[in-house]
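One letter stands for each residue in the lines below.
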Protein chains: 2
Amino acid sequence: MKLLEDKILQDGKLLPGNILRVDNFLNHQIDVALIDRLGEEFYRLYRDCGVTKLLTVEASGIGIACLSARYFNVPVVFAKKAKGLNSSDDCYRAEVASFTHKNVNTVTVSRDYLHADDRVLIIDDFLADGNALRGLCALCTQAGATVVGAGIVIEKAFQGGGDSLRAEGLRIESLAMIQSMSTDTGILFTH
Amino acid sequence: MKLLEDKILQDGKLLPGNILRVDNFLNHQIDVALIDRLGEEFYRLYRDCGVTKLLTVEASGIGIACLSARYFNVPVVFAKKAKGLNSSDDCYRAEVASFTHKNVNTVTVSRDYLHADDRVLIIDDFLADGNALRGLCALCTQAGATVVGAGIVIEKAFQGGGDSLRAEGLRIESLAMIQSMSTDTGILFTH
């Protein structure tokens with residue numbers, strides 16, 4: 001999506017360690033008008049899929065999911081990052097390794113908010129190794145819900161997570177796909 | 001706001017320790033159509049205040065702030081809960097004690113996203129003791145920004161945080177104000 005690629009080129013900052021910092025429009029300050037346009041695009045892509053719920057994970061995904069959900073006219077559910085180790089039977093749980101923070105989080109969703117008759121569109125800001133997306137899919141599988149696909153704002157295609165999940169049959173629509181990035185050559189997109 | 005009060009009476013769950021659980025429409029599953037209506041109401045209340053930015057804190061405030069910001073046509077900034085103790089000079093920082101979680105968080109906002117010429121509307125899901133709101137005001141004060149007021153979804157008026165902040169001169173608009181609640185008598189609103 002050219003609008004988004006232009007914004008990334010204009011405002012994104014490359015940091016050492018393959019980190020792309022987009023916190024001035026996506027995950028600290030949020031350019032709501034831009035994200036609203038992305039939500040409209042997710043709707044165009046998935047409008048015929050009978051989506052009943054958008055699923056994301058706190059914190060950065062929430063704004064994107066809420067702005068997208070207006071178009072679908074369905075609720076958002078955001079998975080929580082579990083604070084402690086206390087396990088409880090009223091949640092679905094999955095482990096997610098974080099590329100950025102170099103740690104492992106447990107993400108949870110209450111059993112009340114994901115059901116076997118749900119058709120879920122997963123929304124997230126980034127797709128890199130695919131761990132967060134795998135975790136969200138695992139929560140849906142535990143609930144017996146159908147994942148119709150994923151709507152991703154920025155995919156770091158060179159990290160391969162998206163391709164392996166597509167090879168497993170998951171539909172993934174990424175609005176910007178980065179083929180390569182470095183402080184020398186800048187950011188190159190693929191389509 | 002009657003729409004919201006009715007929703008709280010219908011779907012809210014009272015738990016021991018003065019906890020009101022509204023996670024089926026506000027802070028785990030999000031009823032986006034309802035929250036969009038609340039955002040419209042915040043806009044009606046603050047439309048003449050020259051708001052340049054909505055400020056909230058992760059995670060539950062983000063969806064409400066994003067849906068509200070569409071009406072104001074301004075960006076959202078969400079304060080982050082600091083993970084470690086590592087201090088850095090590129091952030092404003094404030095301490096916030098959590099009523100629900102019985103702990104103290106440091107909340108931070110990058111200096112890049114709050115400025116002296118900003119007129120900030122603070123958005124949050126709950127106001128109880130007022131600690132989160134005080135913390136967000138402190139971040140604005142550090143930036144030299146003007147706080148035009150706060151838009152709160154649910155105020156637990158009996159905990160007094162809202163009244164003391166109003167007495168200090170802060171404008172607070174809460175869309176539902178709970179006067180008392182208990183498992184015996186249920187939830188009573190004040191206006």
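The following paragraphs examine the structure supplied in this document.

Thresholds, definitions, all that
- Residues numbered from 1 in each chain as written.
- Chains lettered and ligands numbered in written order.
- Predicted model: local features only at pLDDT ≥ 70, side-chain atom pairs only at ≥ 80, totals over all residues.
- Heavy atoms only, no water.
- Helix = DSSP H or I, 4+ residues; strand = E, 2+ residues; numbered from the N terminus.
- Rg over C-alpha atoms; globule rule 2.2 N^0.38 Å.
- Buried < 20%, exposed > 50% of the residue type's maximum accessible area, 1.4 Å probe, protein only.
- Contact = heavy atoms within 4.5 Å.
- Areas by Shrake-Rupley, 256 points an atom, 1.4 Å probe, with all protein chains shown as cover.
- Lys, Arg positive; Asp, Glu negative; His and termini not counted.
- Charge placed at Lys NZ, Arg CZ, Asp CG, Glu CD.
- Salt bridge = Lys/Arg side-chain N within 4 Å of Asp/Glu carboxyl O.
- Least-squares fit on C-alpha atoms with pLDDT ≥ 70 in both.
- Expected span 1.5 Å × (residues − 1).
- Pairing = 2+ DSSP bridges.
- Right-handed = clockwise from strand over helix to strand, strands pointing away.
- Buried area = accessible area lost by both parts, 1.4 Å probe.
- Polar contact = N/O pair within 3.5 Å; in protein donor to acceptor, adjacent residues only side chain to side chain.

**Details of the overall build of chain A**
Alright, step 1. Scanning chain A from N- to C-terminus turns up 5 helices and 11 strands.
Alright, step 2. The globule rule puts the C-alpha radius of gyration for 191 residues at 16 Å, and the 16 Å found for chain A is close to it.
Alright, step 3. Reported as C-alpha extents along the three principal axes, the dimensions of chain A are approximately 50 × 35 × 35 Å.
Alright, step 4. Per-residue burial for chain A yields a buried fraction of 54% across its 191 residues.
Alright, step 5. Relative to all contacts within chain A whose residues are 6 or more apart in sequence, the contacts with residues 24 or more apart total 61%.
Alright, step 6. With an accessible surface of roughly 8200 Å², chain A has 47% of that area assigned to carbon and sulfur atoms.
Alright, step 7. Counting 20 positive and 24 negative side-chain charges, chain A places the centres of these two groups 2 Å from one another.

**Observations concerning the side chain of Asp125 of chain B**
Alright, step 1. In this structure, Asp125 of chain B sits in strand β8 (residues 119-127).
Alright, step 2. Within the buried set, Asp125 of chain B has no salt-bridge partner at all; the shortest N-O distance to an opposite charge, 8.0 Å, is to Lys80 of chain A.
Alright, step 3. Discounting residues that sit within four places of it in the chain, Asp125 of chain B has contacts with Leu26, Asn27, Ser60, Ile64, Ile152, Val153 and Ile154 of chain B.

**A look at the pattern of salt bridges**
Alright, step 1. If you walk through the whole model with that rule in mind, you get 26 salt bridges over all chains.
Alright, step 2. In this structure, the salt-bridge partner of Asp163 of chain A is Arg166 of chain A, at a minimum N-O distance of 3.6 Å. With Asp163 of chain A and Arg166 of chain A both in helix α5 (residues 161-167) and 3 residues apart, this pair spans about one turn of that helix.
Alright, step 3. A relative accessible area of 49% places Asp163 of chain A in the partly exposed class.
Alright, step 4. What makes Arg166 of chain A partly exposed here is its relative accessible area of 26%.
Alright, step 5. Put simply, Asp36 and Arg70 of chain A together with Asp36 and Arg70 of chain B are held in one network by salt bridges that share partners.

**A look at the relation of the copies chain A and chain B**
Alright, step 1. Overlay of chain A on chain B (RMSD 0.0 Å): rotation 180°, translation along the axis 0.0 Å. This pairing of chains is accounted for by a two-fold axis.
Alright, step 2. In this assembly, 100% of the residues forming the interface of chain A have copies in chain B that are likewise at the interface, indicating an isologous arrangement.

**Description of helix α4 (residues 131-143) of chain B**
Residues and elements named next belong to chain B.
Alright, step 1. Relative to the 18 Å expected for 13 residues at 1.5 Å per residue, α4 spans 19 Å between its end C-alpha atoms, a close match to the ideal helical length.
Alright, step 2. Every buried residue of α4 is listed here: Leu133, Gly135, Leu136, Cys137, Leu139, Cys140 and Ala143.
Alright, step 3. Once α4 finishes, Gly144 follows within two positions and takes phi at roughly 75°, a positive value.

**Here's the deal with the pairing of strand β4 (residues 53-57) of chain A**
Every other side chain in a regular strand lies on the same face of the sheet, so the side chains alternate between the two faces.
Residue and element names in this part refer to chain A.
Alright, step 1. Of all 5 residues that make up β4, 5 are buried, and the element is covered over most of its length.
Alright, step 2. Across the two faces of β4 the burial is the same, with Lys53, Leu55 and Val57 and Leu54 and Thr56 all buried.
Alright, step 3. In terms of strand pairing, β4 meets strand β8 (residues 119-127) through 3 bridges, oriented parallel. Each residue of the ladder has a partner; that of Lys53, found in β8, is Val120.
Alright, step 4. Where β4 and strand β5 (residues 76-81) come together, 4 bridges link them in parallel fashion. Within the sheet, the bridge partner assigned to Leu54 lies in β5 and is Val76.
Alright, step 5. On the question of chirality, the crossover connecting β4 to the parallel β5 by way of helix α3 (residues 60-72) is right-handed.

**As for the interface of chain A and chain B**
Alright, step 1. Between chain A and chain B, the residue contacts involve 31 residues of the former and 31 residues of the latter.
Alright, step 2. Overall, the association of chain A and chain B removes approximately 2600 Å² of surface from exposure, summing both partners, and the carbon and sulfur fraction of that is 62%.
Alright, step 3. Together, His28, Gln29 and Tyr113 of chain A form the three largest contributors to the area buried by chain A at its contact with chain B, with a combined 26%.
Alright, step 4. Viewed at the interface, chain B and chain A are joined by 2 salt bridges.
Alright, step 5. With a closest N to O distance of 3.8 Å, Arg70 of chain A and Asp36 of chain B form a salt bridge.
Alright, step 6. If you look at where chain A meets chain B, you find 12 residue pairs in polar contact (both at pLDDT 80 or more).
Alright, step 7. Broken down by secondary-structure element, the contributors of at least two residues to the side of chain A that touches chain B are β3 (29-30), α2 (32-46), α3, β5 and β7 (103-110) of chain A.
Alright, step 8. Looking at which element gives the most residues to the side of chain A that touches chain B, the answer is α3 of chain A, with 6 residues.

As far as function goes, none of this settles anything; it's purely spatial.
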